[in-house]
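The lines below spell out each chain.
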Amino acid sequence: MNRKKKIVESYCLLFADLVSITAAYVIAILLRFHKFNWVMEPELHFLGYICFLLFSTIYSFLLDWNRDFLIRGIFVEFIAVLKFNLFMALAFSCVLFMIQRGYDFSRFVWGFYTLFDILLVWIVRLFMKKLLRAYFMAQSNQVKLMVITKDAVLDRTVSQLKKSLDINYEIVALACVDADRRGVVVDGVKVTADASNVLEMARQMPLDEVFINLPEEDKEYVKHVIYDLESMGISCHYNIDIIDRPQKEVRVGKFADYTVVTYSINHYDYRRMLLKRLMDIAGGLVGLLITGILTPFIALAVKIDSPGPVFFAQTRIGKNGRRFKIYKFRSMYIDAEERKKELEAQNEMQGLMFKMENDPRITKVGRFIRKTSLDELPQFYNIVKGDMSLVGTRPPTEDEFEKYNSHYRRRISMTPGLTGLWQISGRSEIVDFDEVVKLDLEYIDNWTLGLDIKILFQTVWVVLTGRGSK
């Protein structure tokens, strides 16, 4: 998305959302109190209004919920608006809880406001969708693009551009530099130039930008074309992909004063990663509080059941191969690691993990705290430290890691988590390590904050029902 379009779209939608919130709140106040000067707790209700405006601004810019706004359908837009209002309600509930004023805020105002905000935001956004589409597709706002490429990739280049370009782009001309294809129409666009007259054509026609896709072409010729186009004031986009990857995994930037192309399978928005970390810290602190309350009882049970320390520490592999100490309540006898070698032949897991349903190394108390996942509570310390996240992939042991191939290693390209897709997918029923890897990579490739929240809720359900853990 070009920067101008992104700015126009983002600020227009934010303004529309703020107006909708204001209108919905005014309607809710009037329906409940009939006049503004009759509002009970006016400072509190004004605080609510300010919180809704602030939440809308933060949600728009940090979570970028306007992504793909112009191409998503009516129903998808409605679901997005519902999610927006759900998270806004949760956020304001937390504010009321922290200031201990929940009972003072009018339930009728909140109910009326939520109902009207959903309807108004949705309707206004549908109107804005039509308005912005008309604005960006107007001739005065269209970005006129010429494509310069070679015969072998001509059709594919035009097809890919038409599929991926923003709606305000119009391909107005094609140039094929290694064959005379003038007059040929490719996907609705005519080839009008070859190597001999491409620059002359660019000088004579309305043109804003040029896309150059000339794989294995002589660099001197490419430099000559770019320099000449730049001297005309035309922006040039030169395709420098050397491997075939989706565009979202390729970034151009600076590295030690060099201009570089960065290839990465994982590319996450820093704003969302910051929110994920803040969510980890908040959840980790709450988890540590719960751990502190339960530790005396669990510690006593562990000590009475078998000799040895209360806590178990083990070196695990974190993000991109970093070592860290993971902490758990001890659920096995103290000689468990030595006895593991004797039990290797009874491993029920195919691949690099060890799993045994009736593992004789597990104590009686250990079997209970594993079933209820209480043994995992000390890992909230790892989460607050930053070694782990609330949601992520399973952190492997050093023994497992030493046997990893390149495919397996990608599962540690993200911070490991206390829970994840593997844990909520019935981990006791999975008997193939490749299935664990598949679930971890599925999480990495499709990660969103929404997915983390969904997994956390599902984890609570799995723990309460005892499903999937033995």
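Look above for the structure.
Keep in mind that this is a model prediction, so the values were computed, not measured.

K.L.:
Could you give an account of the overall build of the protein, with specific residues and numbers?
P.N.:
When helices and strands are counted, the protein shows 16 helices and 12 strands. Taking 2.2 N^0.38 as the reference for a compact globule, 470 residues should give roughly 23 Å; the C-alpha atoms of the protein span a radius of gyration of 29 Å, well beyond that estimate. Oriented by its inertia axes, the alpha-carbon framework of the protein measures out at about 90 × 70 × 40 Å. The burial tally for the protein puts 43% of its 470 residues in the buried class. For the protein, restricting intrachain contacts to residue pairs at least 6 apart in sequence, the fraction spanning at least 24 positions comes to 71%. Within the structure as shown, the protein displays about 26,100 Å² of accessible surface, and the carbon and sulfur contribution to it stands at 61%. Side chains of the protein give 62 positive and 56 negative charges; the mean places of these two sets differ by 5 Å.

K.L.:
Give a description of the packing of aromatic side chains that names residues and reports values.
P.N.:
The geometry of an aromatic ring pair comes down to the distance between the two centres and the angle between the two planes. Enumeration according to the criterion identifies 22 aromatic pairs in this entry. Here Phe-92 and Trp-110 contribute two aromatic rings whose centre-to-centre distance is 5.3 Å and whose plane-to-plane angle is 65 degrees, an arrangement assigned as edge-to-face. Here Trp-110 lies in helix α4 (residues 107-137) and Phe-92 lies in helix α3 (residues 74-99), a separation of 18 residues in the sequence. The residues Phe-92 and Trp-110 share a single accessibility class, namely buried. Grouped by ring-pair contacts, the aromatic residues Tyr-25, Phe-46, Tyr-49, Phe-52, Phe-92, Phe-105, Trp-110 and Tyr-113 constitute a single cluster. Stacked on the ring of Phe-69, the Lys or Arg Lys-129 has its end atom at 4.0 Å from the ring centre.

K.L.:
Explain the nonpolar core to me, using residue names and the numbers behind them.
P.N.:
Of all hydrophobic cores here, the largest spans 39 residues; its most connected members are Phe-433, Tyr-443 and Ile-455. Of all the secondary-structure elements, those providing two or more residues to this core are α8 (270-305), β10 (323-329), α10 (364-371), α11 (379-385), β11 (389-391), α14 (421-424), α15 (433-445) and α16 (449-465). Per element, the largest residue contribution to this core is 7 residues, and it comes from α15. Every residue in contact with Tyr-443, bar those within four places of it in the chain, is listed here: Lys-276, Val-391, Gly-392, Thr-393, Met-414, Leu-421, Leu-451, Asp-452 and Ile-455. Membership of the second largest hydrophobic core comes to 26 residues, among which are Ala-28, Val-81, Phe-105 and Tyr-113.

K.L.:
Before we move on, can you summarise a negative patch on the surface with the specific residues and values?
P.N.:
On the surface, Glu-337, Glu-338, Glu-344, Asp-399 and Glu-402 cluster together to form a negatively charged patch. Those elements giving two or more residues to the negative patch turn out to be α9 (336-343) and α12 (398-402). Taking the relative accessible area as the measure of exposure, Glu-402 reaches 62% and is therefore exposed.

K.L.:
Could you give me a rundown of the pattern of salt bridges, with the residues and numbers involved?
P.N.:
This model, assessed by the stated rule, comprises 16 salt bridges. The partner of Arg-323 in a salt bridge is Glu-398, and the shortest N-O contact between them spans 3.5 Å. Here Arg-323 is found in strand β10, whereas its partner Glu-398 is found in helix α12, with 75 residues between them in sequence. Among the charged side chains, a network of salt bridges with common partners joins Asp-17, Arg-72, Glu-77, Arg-125 and Lys-129.

K.L.:
Describe in detail the packing of helix α2 (residues 42-62) against α3, supporting the description with residues and values.
P.N.:
Where α2 contacts α3, the two axes come as close as 10 Å, and the packing angle between them is 135 degrees. When the axes of α2 and α3 are compared, the pair comes out oblique. As for the relative orientation of α2 and α3, their crossing is right-handed in sense. In this structure, α2 contributes Leu-44, Leu-47, Gly-48, Cys-51, Phe-52, Phe-55, Ser-56 and Tyr-59 to the contact, and α3 contributes Lys-83, Phe-84, Phe-87, Met-88, Ala-91, Phe-92, Val-95, Leu-96 and Ile-99. Within the contact of α2 with α3, the residues separate by chemical class into 14 nonpolar, 2 polar and 1 charged.

K.L.:
Lay out unusual backbone geometry with the relevant residues and their values.
P.N.:
If you check the backbone angles, Asn-320 has positive phi at about 55 degrees while not being a glycine. Note on placement: Asn-320 falls in the loop between β9 (311-317) and β10.

K.L.:
Pulling in residues and values, what's your account of the sheet that holds strand β3 (residues 185-186)?
P.N.:
Note on sheets: strands pair through backbone hydrogen bonds, and any given pair is parallel or antiparallel. Strand order across the open sheet formed by 6 strands is β3-β4-β2-β1-β5-β6, with mixed pairing between neighbours. Each having just a single partner strand, β3 and β6 (235-238) make up the two edges of the open sheet. Of the strand pairs in this sheet, β3 and strand β4 (residues 189-193) are connected by 2 bridges, and their pairing is antiparallel. Counterpart to Val-186 in the pairing with β4 is Val-189. Of the strands in this sheet, β1 (143-149), β5 (209-213) and β6 touch helix α7 (residues 219-231), which is tilted by about 155 degrees from β6.

K.L.:
Account for the environment of Thr-315, with residues named and values stated.
P.N.:
Its place among the elements puts Thr-315 in strand β9. Between the alpha carbons of Thr-315 and Tyr-238 there is a distance of 47 Å; along the sequence they are 77 residues apart. The contacts of Thr-315, once residues within four sequence positions are left out, are Arg-323, Phe-324, Lys-325, Thr-397 and Glu-398.

K.L.:
Explain empty space enclosed by the protein residue by residue, including any values.
P.N.:
Across all of its chains, the model carries 1 cavity of 30 Å³ or more by this definition. The computed volume of the largest cavity comes to approximately 40 Å³. Lining the largest cavity we find Phe-52, Asn-85, Met-88, Ala-89, Trp-110, Tyr-113 and Thr-114. Taken together, the elements giving at least two residues each to the lining of the largest cavity come down to α3 and α4. Of the residues in the lining of the largest cavity, the class split is 5 nonpolar, 2 polar and no charged.

Rules and cut-offs
- Residues numbered from 1 in each chain as written.
- Predicted model: local features only at pLDDT ≥ 70, side-chain atom pairs only at ≥ 80, totals over all residues.
- Heavy atoms only, no water.
- Helix = DSSP H or I, 4+ residues; strand = E, 2+ residues; numbered from the N terminus.
- Rg over C-alpha atoms; globule rule 2.2 N^0.38 Å.
- Buried < 20%, exposed > 50% of the residue type's maximum accessible area, 1.4 Å probe, protein only.
- Contact = heavy atoms within 4.5 Å.
- Areas by Shrake-Rupley, 256 points an atom, 1.4 Å probe, with all protein chains shown as cover.
- Lys, Arg positive; Asp, Glu negative; His and termini not counted.
- Charge placed at Lys NZ, Arg CZ, Asp CG, Glu CD.
- Phe/Tyr/Trp six-rings, centres within 6.5 Å; stacked < 30°, edge-to-face > 60°.
- Lys NZ or Arg CZ within 6 Å of the ring centre and 35° of its normal.
- Core = buried A, V, L, I, M, F, W, Y, C linked by side-chain atoms within 4.5 Å.
- Patch = residues over 30% accessible without salt bridge, like charges linked within 9 Å, V, L, I, M, F, W, Y side chains within 5 Å.
- Salt bridge = Lys/Arg side-chain N within 4 Å of Asp/Glu carboxyl O.
- Axes fitted to C-alpha atoms, helices over the stretch in contact; angles between N-to-C directions.
- Parallel < 35°, antiparallel > 145°, perpendicular 65-115°, else oblique.
- Left-handed = near helix turned anticlockwise from the far one by under 90°.
- Nonpolar A, V, L, I, M, F, W, Y, C, P; charged D, E, K, R; others polar.
- Pairing = 2+ DSSP bridges.
- 1 Å grid on protein atoms, 1.4 Å probe; cavity = no way out; pocket = protein on both sides within 12 Å on 5 of 7 lines; lining within 4 Å.
- Points joined across faces, edges and corners; volume = space filled by probe spheres on them.

Without other data, these values stay purely geometric and don't point to any function.
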